[in-house]
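# Examination of the molecular architecture
So the chains spell out like this:
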Amino acid sequence: MSRHLLGNFWNRLVMDRRNWWLPLTTVLIIGLGSMIYVGTRTYQDAPPIPDFVAESGETLLPAAAITRGQIVFLKYGLMNYGSMFGDGAGRGPDFTADALHAMARAMRDHHASRDGVDLATAQARTQTEIRANRYAAAGNRVMLGEAQAYAARELERRYAAMFRGEGEEPFHPAGYITDTAELRDLAAFFFWGGWVCGAARPGEDYSYTHNWPYDELAGNRPSAPIMMWSVAAALGLIVALGIVLFLHGRYGSLAGWRQAGAATGLATRSRVDGFEPTALQRATYKFFAAATLLFLLQIVAGALTLDDFLHISRSLGIDLAAALPITIVRAWHLQLALMWISACWVGASVFVLSAAQRETPQGLQRELNLLFGVFVVWVAGTLIGIALGSRGLLGEYWNLLGNQGWEFVEMGKLWQGVLFVVFALWLRIVARLARAVWHEGDAWTLPKWLLYAVASVLLLFVSGFVARPETNFVVADFWRWAVIHMWVEAFFEVFTTALLAWFMVLMGFVSHAAASRIVYLATLLFLGSGLLGISHNFYWNAKPVATLALGSIFSTLQVVPLILLTLEAWQFRNAPRQAMGGRGAGQPAFGQAEAFLFLIGVNFWNFFGAGVFGFIINLQIVNYYEHSTYLTVNHGHAALMGVYGNLAIAAIIFCSRYLIAAERWDARLLRHVFWALNLGLLLMVVIDLFPVGIAQLNEVLTHGLWQARSQAFIQGELFQTLTWARIIGGAVFFFGGVLP
């Protein structure tokens, strides 16, 4: 009976395409409803930005100074040097952890300086005062005790020395920020961050950040909800994985890559060689050429970032960081990744959509050329603006024309608007191509899936325009992640699955109907875990406890679709051999072997980079200690380059195989490039990023995050040795994979 009911359920909601809207609508309503709930609570429960007042009544740190300090932090791109609440770069300190520990140390020393007060008593008093929240909503004031007031003055001296290139945490180049008023405001902003990490949330016994970061001196240890929801997440994962694996075992033959395509449509070498691309398809080639150039520039920017860690150029008598500090080159490195991958996706989506057209809609090639022109303006404006804005050369227009300062959303507001135009033009072109075949099939054909995904990407990008430089950092970070996470771990996943499915159809490995069913099931899994999984980005940046509950469960579940992809990997790997009838004599050769090789790379990194490395840092209790260490960097590199990078390169090769004459196609070189890129990435991960992350995690467990992110650790022998060793993988990646 139960088996019959399950089969009936499967047939109605999976096999019957007329009912697909119901599960999708349910997932979207639950996911977006939860997002609205978390966003509402973020505004309601965000820590205040108050005046910090001495017991004498003197205003030590006005609220306006804290807001101005945040503006200074963003203006000079310091999120690409250090981090706030763990979000940002790892070259410098996490300023919240650093401020909290420096505050606690100064307060302890102040108490210990009094006659008859030993260190243990001084530390106990310090922890009590840090946890006590003396905020008065009536006057928007926080009363500071004598020791806290002393600590505030010490922090001002500490951060002034840092940007003079002095003290324990010297910034290079020295004198990056010279205005004393700006430095004073910046110190006020960091003091506020430390206060948020230590002061109890009203009505609770833990801080606004759930006692993050770990710091014994300040009294920050994991709170009870962290442990409880970590256990709940582990149980939820086991249950969900069991259900999904059962369904896969029962119905996998109907929903995976096992369904054969049309034998007459196989992408044999002769068929690919004889393909005649349309004018519109030829027009996509410039996007792939631009992507290749931008990829090269991203690697150069990454090398410049590494140089700031290792001081290679300085040892040669050339101080590159003086002209191009890490706040610029790291922002370039991040933005160039978005640029070259976006160029690939635009070109590939237009190419595959046009393959379904009997004739090109009038004027579409002109619109595609316009899109490319706007894309070039966006790229140039963003890269130049970041450089000028971060050096303070744009004056009051730094936010509009230069660098907004938010990690991953660095581009100035004007260039952000230009990118919106790029996405809008892309959507228009995709819509026109989809409209030409709209009557062919139902609402779930591959052209329509691509249209839905691109429309969602554009819609979510609106979130990036909400925050302003003066918006409460905690609130602004919600909107920042609403763009980044929803792109990368939700709708980008849907888009790339649809694109991959279309590649498989054009290769002749699956039917169109089977491909659209795969996209449908993947969409349910990615959106079901991804929309709610955004909350893992909010664990420690002063969001309400509800985010711990949502994030712990659904972030952990994000590994489930990746495990399913791994289960399908072997079948996927053997698709060309099965479709071509094995390797017997007289069988036709596969014409897209090089592109398919990179798609296999996507499968590997989906499991290893996104799955394994993502899972080990998503469990809440682990993330409490790991957050803001190199384990996150390790996951980011392995997932972004491993998954999206390989897929983007596969898109270039797939489309270029039809655009480039057969006699000019060098398959051997491309196979060499594949192995060099992926081996180089693997070496960078195994030799440096992962072991450094483990070492940094151990430092957090032993001393606290402040020490793990200090220059004593970054410039220490272990970190420097492993970072130098990364050059081995980088050399294989660059010289073997990029340059050829």
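Just so you know, these numbers come straight off a predicted model, no measurement behind them.

## Overview of the overall build of the protein
Scanning the protein from N- to C-terminus turns up 30 helices and 8 strands. Expressed as a percentage of its 740 residues, the buried residues of the protein come to 61%. When contacts within the protein are restricted to residue pairs at least 6 apart in sequence, those whose partners lie at least 24 apart make up 78%. Total accessible area on the protein stands at roughly 28100 Å², and carbon and sulfur atoms take up 64% of it.

## Here we look at a nonpolar patch on the surface
Taken together, I384, L388 and L393 make up a surface patch of nonpolar side chains, about 280 Å² in accessible area. Tracing the chain through its elements places L388 in helix α15 (residues 364-390).

## Points about the state of the cysteines
Cysteine pairs can be linked by a disulfide, which is a covalent bond between their two sulfur atoms. Applying the stated rule across the entire model yields 0 disulfides. No disulfide involves C344; its sulfur sits 9.1 Å from that of C655, the nearest cysteine. Take C344: its relative accessible area is 0%, and that puts it in the buried class.

## Overview of helix α5 (residues 119-131)
For α5, built from 13 residues, the straight-helix expectation of 18 Å at 1.5 Å per residue is met to within 8% by its first-to-last C-alpha distance of 18 Å. Along α5, the residues that are buried comprise A122, T126, Q127, I130 and R131. Taken end-on, α5 shows its buried residues confined to a sector of 160°, consistent with a single buried face. Buried positions along α5 lie against α4 (95-112), α6 (146-163) and α7 (180-198). Put simply, D118 is the residue that caps the front of α5, since its side-chain oxygen is 3.3 Å from the backbone nitrogen of A120.

## Some remarks on the packing of α15 against helix α17 (residues 413-436)
At their nearest, the axes of α15 and α17 sit 9 Å apart, and the two run at 160° to each other. Judged by the inter-axis angle, α15 sits roughly antiparallel to α17. Here the hand of the crossing between α15 and α17 comes out left-handed. Every residue of α17 that contacts α15 at L364, E367, L368, L370, L371, V374, F375, V377, W378, G381 and T382 is listed here: W415, V418, L419, V421, V422, L425, W426, R428, I429, R432 and L433. The residue makeup of the contact of α15 with α17, split by class, is 17 nonpolar, 2 polar and 3 charged.

## Remarks on the pattern of salt bridges
On inspection of all chains with the given rule, the structure shows 24 salt bridges. The shortest N-O distance in the salt bridge between K75 and E182 comes to 3.3 Å. With K75 in helix α3 (residues 63-75) and E182 in helix α7, this pair connects stretches of sequence that are 107 residues apart. Both residues of the pair, K75 and E182, belong to the buried class. One salt bridge connects E470 with R468, and the closest N-O pair in it is separated by 2.8 Å. Assessed through its relative accessible area of 36%, E470 is described here as partly exposed. Several salt bridges converge on common partners, so that one network encompasses D87, R330, E407, D477 and R480.

## Concerning α7
The first and last C-alpha atoms of α7 sit 27 Å apart over 19 residues, in line with the 27 Å expected at 1.5 Å per residue. Counting buried positions along α7 yields 16 of 19 residues, so the element is predominantly enclosed. N-capping of α7 is provided by D179, with a side-chain oxygen placed 2.9 Å from the backbone N of A181.

## Observations regarding the side chain of E169
Among the secondary structure elements, E169 is positioned in the loop between α6 and α7. Engagement of the side chain of E169 in a polar contact is seen with the backbone nitrogen of Q711, the distance being 3.2 Å.

## Details of the nonpolar core
If you look at the biggest cluster of nonpolar residues, it comprises 227 residues, and the most contacted ones within it are F73, W192, W340, W378 and M507. A per-element tally of this core places helix α19 (residues 473-507) first, with 24 residues. With sequence-adjacent residues up to four places away left out, W192 is seen in contact with P47, P48, I49, P50, F52, I66, F85, N472, F473 and V474.

## A closer look at the packing of α17 against helix α18 (residues 446-461)
One can describe the packing of α17 onto α18 by two numbers: an axis separation of 9 Å at closest approach and a directional angle of 160°. Classified by the interaxial angle, the pair formed by α17 and α18 is roughly antiparallel. Crossing geometry of α17 relative to α18 is assigned as left-handed. Contacts from Q416, L419, F420, F423, A424, W426, L427, V430, A431 and A434 of α17 reach α18 at P447, L450, L451, V454, A455, V457, L458 and F461. Among the residues forming the contact of α17 with α18, the class breakdown is 17 nonpolar, 1 polar and no charged.

## Let's talk about the pairing of strand β6 (residues 141-144)
Of the two faces of β6, the one lined by V142 and L144 is fully buried and the one lined by R141 and M143 carries no buried residue. Bridging between strand β1 (residues 51-54) and β6 involves 4 bridges; their strand directions are parallel. Bridge pairing links A54 to L144 in β6. With 2 bridges joining them, strand β5 (residues 135-136) and β6 adopt antiparallel strand pairing. Pairing of A136 across the sheet is with R141, part of β6. Taking the residues between adjacent antiparallel strands as the criterion, β5 and β6 are bridged by 4 residues, where N140 takes a positive phi near 50°.

## Details of the sheet that holds β1
Read across the sheet, 4 strands follow the order β2-β1-β6-β5 without closing on themselves; strand pairing throughout is mixed. Edge strands, defined here as strands with exactly one partner in the open sheet, are β2 (59-61) and β5. One ladder, built from 2 bridges, connects β1 with β2; its direction is antiparallel. By the bridge assignment, V53 is partnered in β2 with T59. Contacting β1, β2, β5 and β6, α7 crosses the sheet at an angle of about 85° to β1.

Thresholds applied
Residues numbered from 1 in each chain as written. Predicted model: local features only at pLDDT ≥ 70, side-chain atom pairs only at ≥ 80, totals over all residues. Heavy atoms only, no water. Helix = DSSP H or I, 4+ residues; strand = E, 2+ residues; numbered from the N terminus. Buried < 20%, exposed > 50% of the residue type's maximum accessible area, 1.4 Å probe, protein only. Contact = heavy atoms within 4.5 Å. Areas by Shrake-Rupley, 256 points an atom, 1.4 Å probe, with all protein chains shown as cover. Patch = residues over 30% accessible without salt bridge, like charges linked within 9 Å, V, L, I, M, F, W, Y side chains within 5 Å. Salt bridge = Lys/Arg side-chain N within 4 Å of Asp/Glu carboxyl O. Disulfide = S-S within 2.5 Å. Expected span 1.5 Å × (residues − 1). Arc of directions from axis to C-beta. Polar contact = N/O pair within 3.5 Å; in protein donor to acceptor, adjacent residues only side chain to side chain. Axes fitted to C-alpha atoms, helices over the stretch in contact; angles between N-to-C directions. Parallel < 35°, antiparallel > 145°, perpendicular 65-115°, else oblique. Left-handed = near helix turned anticlockwise from the far one by under 90°. Nonpolar A, V, L, I, M, F, W, Y, C, P; charged D, E, K, R; others polar. Core = buried A, V, L, I, M, F, W, Y, C linked by side-chain atoms within 4.5 Å. Pairing = 2+ DSSP bridges.

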